[in-house]
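Chains, contacts and geometry: an overview
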Amino acid sequence: MTQHTSSDAGVDSLVEEAVRTLRTFELTEYEAKCFVALTRLREGTAKEVSEVADVPRARIYDSMDALQDRGLVSVQESKPRRFRAVSPRESVELLEQEAQTRLDRLGGILPRLGSPDRSSGAGEVWTMEGETAVSERLATLVGNADDEVLFAVAVEALLGDDLTEALADAADRGVDVVIGSPDESIRERLTDAVDGADVVETWTWWESVPIEAGAVTSVCMVDGDALLVSADAATDLPGVRKHRAVWTDSAEAPVVGLMRPLLATAVRGD
């Protein structure tokens, strides 16, 4: 009886993960298995690939043809034919290019699908919940800034990498970025991470740190017309809370006009 070591189990797990990931790039299961096997072999015959990939030998050739069409495999017309996988780096670059081409195409199509007869949604306010969702929406709003970002935040949980990078990128491209927080550790973190931003202390929405349950967690205004306000909210689960937010990207929303002077006073001292 064949005994499997922990090392074998680790390799098997990596193989399975690689196959699953490749299948998200529209490779069939056989194609993904063949490519992973060939990557492990570097080069080999159909018989060798079949044995390593656990794919019927009759399916090796059509799988290799498909992989060759995508630039992932080279074929040597010898007897028997031999197959060679591109390097891992090349394979990732090829798949990345394919994905980017599809995304670029989608980016060109989707804007053309909007109906000219529908209203623009001017003045509408939207709601969302979830720490990650709120942080990502903040990053999107900041990423669209042209002139000014006014941002007040009281919890580190919202400061994901995407949001921090968006703030830094905005400052780099000349956007006036002003950040306020009642939490000294947050101010220190953002001062280091967002070069060029004006980071100040503000207590406008808060009485203590850590903030009280149910308090506002962040307020962000971009270019005077996009606004997001998030708060800590209770859930049905004991001791579990989540972030909920309202946001708009329209200056016509009444809440925008109300919040602009308050936020400017809170973080600018205007």
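Residues numbered from 1 in each chain as written. Predicted model: local features only at pLDDT ≥ 70, side-chain atom pairs only at ≥ 80, totals over all residues. Heavy atoms only, no water.

1. Remarks on the pairing of strand S6 (residues 176-181)
- A large share of S6 lies buried, amounting to five of its six residues.
- The sheet contact formed by strand S5 (residues 148-153) and S6 spans five bridges and is parallel. By the bridge assignment for S6, phenylalanine 151 is matched with isoleucine 179.
- For the crossover that starts at S5, traverses helix H7 (residues 161-172) and ends in the parallel S6, the hand is right-handed.
- Once you follow S6 into helix H8 (residues 184-193) and on to strand S7 (residues 198-201), the crossover reads as right-handed. (Buried < 20%, exposed > 50% of the residue type's maximum accessible area, 1.4 Å probe, protein only. Helix = DSSP H or I, 4+ residues; strand = E, 2+ residues; numbered from the N terminus. Pairing = 2+ DSSP bridges. Right-handed = clockwise from strand over helix to strand, strands pointing away.)

2. As for the UniProt feature "domain: Transcription regulator TrmB N-terminal" (unreviewed entry) in the protein chain
- Taking the numbering used here, the UniProt-annotated feature "domain: Transcription regulator TrmB N-terminal" (unreviewed entry) corresponds to residues 22-88.
- For residues 22-88, the helix share is 51%, the strand share is 16%, and the end-to-end C-alpha distance is 12 Å. (UniProt positions renumbered as here; feature names shortened; annotations may be inferred.)

3. Considerations on the nonpolar core
- Counting residues in each nonpolar core, the largest one holds 51 residues, and the members touching the most others are Val149, Phe151, Leu167, Val177 and Trp205.
- With six residues, helix H9 (residues 254-268) is the single largest residue contributor to this core.
- Not counting chain neighbours up to four residues away, the residues in contact with leucine 167 comprise Val142, Val149, Phe151, Val177, Ile179, Leu190 and Val194.
- One finds Cys34, Ala37, Ala85 and Leu95 within the second-largest nonpolar core, a separate group that totals 22 residues. (Core = buried A, V, L, I, M, F, W, Y, C linked by side-chain atoms within 4.5 Å. Contact = heavy atoms within 4.5 Å.)

4. Things to note about H7
- Relative to the 16 Å expected for twelve residues at 1.5 Å per residue, H7 spans 16 Å between its end C-alpha atoms, a close match to the ideal helical length.
- Where H7 is buried, its residues meet helix H6 (131-143), S5, S6 and H8.
- Residue glycine 174 follows H7 closely and has a positive phi angle near 95 degrees. (Expected span 1.5 Å × (residues − 1).)

5. Comments concerning the packing of helix H3 (residues 46-53) against helix H4 (residues 60-69)
- For the pair H3 and H4, interaxial distance at closest approach is 10 Å and the crossing angle is 95 degrees. Taken together, the axis directions place H3 and H4 in an arrangement best described as roughly perpendicular. Within the contact between the two elements, H3 uses Ala46, Val49 and Ser50 and H4 uses Ile60, Tyr61 and Met64.
- Here the residues of the contact of H3 with H4 are counted per class, giving five nonpolar, one polar and no charged. (Axes fitted to C-alpha atoms, helices over the stretch in contact; angles between N-to-C directions. Parallel < 35°, antiparallel > 145°, perpendicular 65-115°, else oblique. Nonpolar A, V, L, I, M, F, W, Y, C, P; charged D, E, K, R; others polar.)

6. Concerning the packing of aromatic side chains
- This model, assessed by the stated rule, comprises two aromatic pairs.
- Ring centres of tryptophan 205 and tryptophan 206 lie 5.7 Å apart, and the angle between their planes is 65 degrees; this geometry places the pair in the edge-to-face category.
- Overall, the relative accessible area of 5% leaves tryptophan 206 in the buried class. (Phe/Tyr/Trp six-rings, centres within 6.5 Å; stacked < 30°, edge-to-face > 60°.)

7. Comments concerning the sheet that holds strand S2 (residues 73-76)
- Pairing is antiparallel in the open sheet, where three strands are placed in the order S1-S3-S2. The two strands at the open ends of the sheet, each matched to only one other strand, are strand S1 (43-45) and S2. Each strand of the sheet is rotated relative to its neighbour by a mean of 25 degrees, with strand direction disregarded.
- The pairing of S2 with strand S3 (residues 82-85) spans four bridges and is classified as antiparallel. By the bridge assignment for S3, glutamine 76 is matched with arginine 82.
- With respect to the sheet, helix H2 (residues 29-41) is in contact with S1, S2 and S3, its orientation differing from that of S3 by roughly 90 degrees.

8. Comments concerning the environment of leucine 72
- On the secondary structure map, leucine 72 appears in the loop between H4 and S2.
- Classification of leucine 72 as buried rests on a relative accessible area of 1%.
- Linking leucine 72 and serine 91, residues 19 residues apart in sequence, is a C-alpha distance of 6.1 Å.

9. Quick word on a negative patch on the surface
- Residues Glu136, Asp161, Asp162, Glu165, Asp169, Asp172 and Asp195 make up a contiguous surface patch of negative charge.
- Per-element tally for the negative patch: the top contributor is H7, with five residues.
- Of note, aspartate 161 is situated in helix H7.
- Among the residues examined, aspartate 161 registers a relative accessible area of 58% and is labelled exposed. (Patch = residues over 30% accessible without salt bridge, like charges linked within 9 Å, V, L, I, M, F, W, Y side chains within 5 Å. Areas by Shrake-Rupley, 256 points an atom, 1.4 Å probe, with all protein chains shown as cover. Salt bridge = Lys/Arg side-chain N within 4 Å of Asp/Glu carboxyl O. Lys, Arg positive; Asp, Glu negative; His and termini not counted. Charge placed at Lys NZ, Arg CZ, Asp CG, Glu CD.)

10. Some words on the side chain of histidine 243
- Looking at the secondary structure, you find histidine 243 in strand S10 (residues 241-248).
- For histidine 243, a relative accessible area of 8% puts it in the buried group.
- Within polar-contact distance, the side chain of histidine 243 engages the side chain of threonine 217 at 3.4 Å.
- When residues no more than four places from it in sequence are discounted, the contact partners of histidine 243 are Met128, Glu129, Gly130, Glu131, Val134, Val155, Ala157, Leu158, Thr217 and Ala231. (Polar contact = N/O pair within 3.5 Å; in protein donor to acceptor, adjacent residues only side chain to side chain.)

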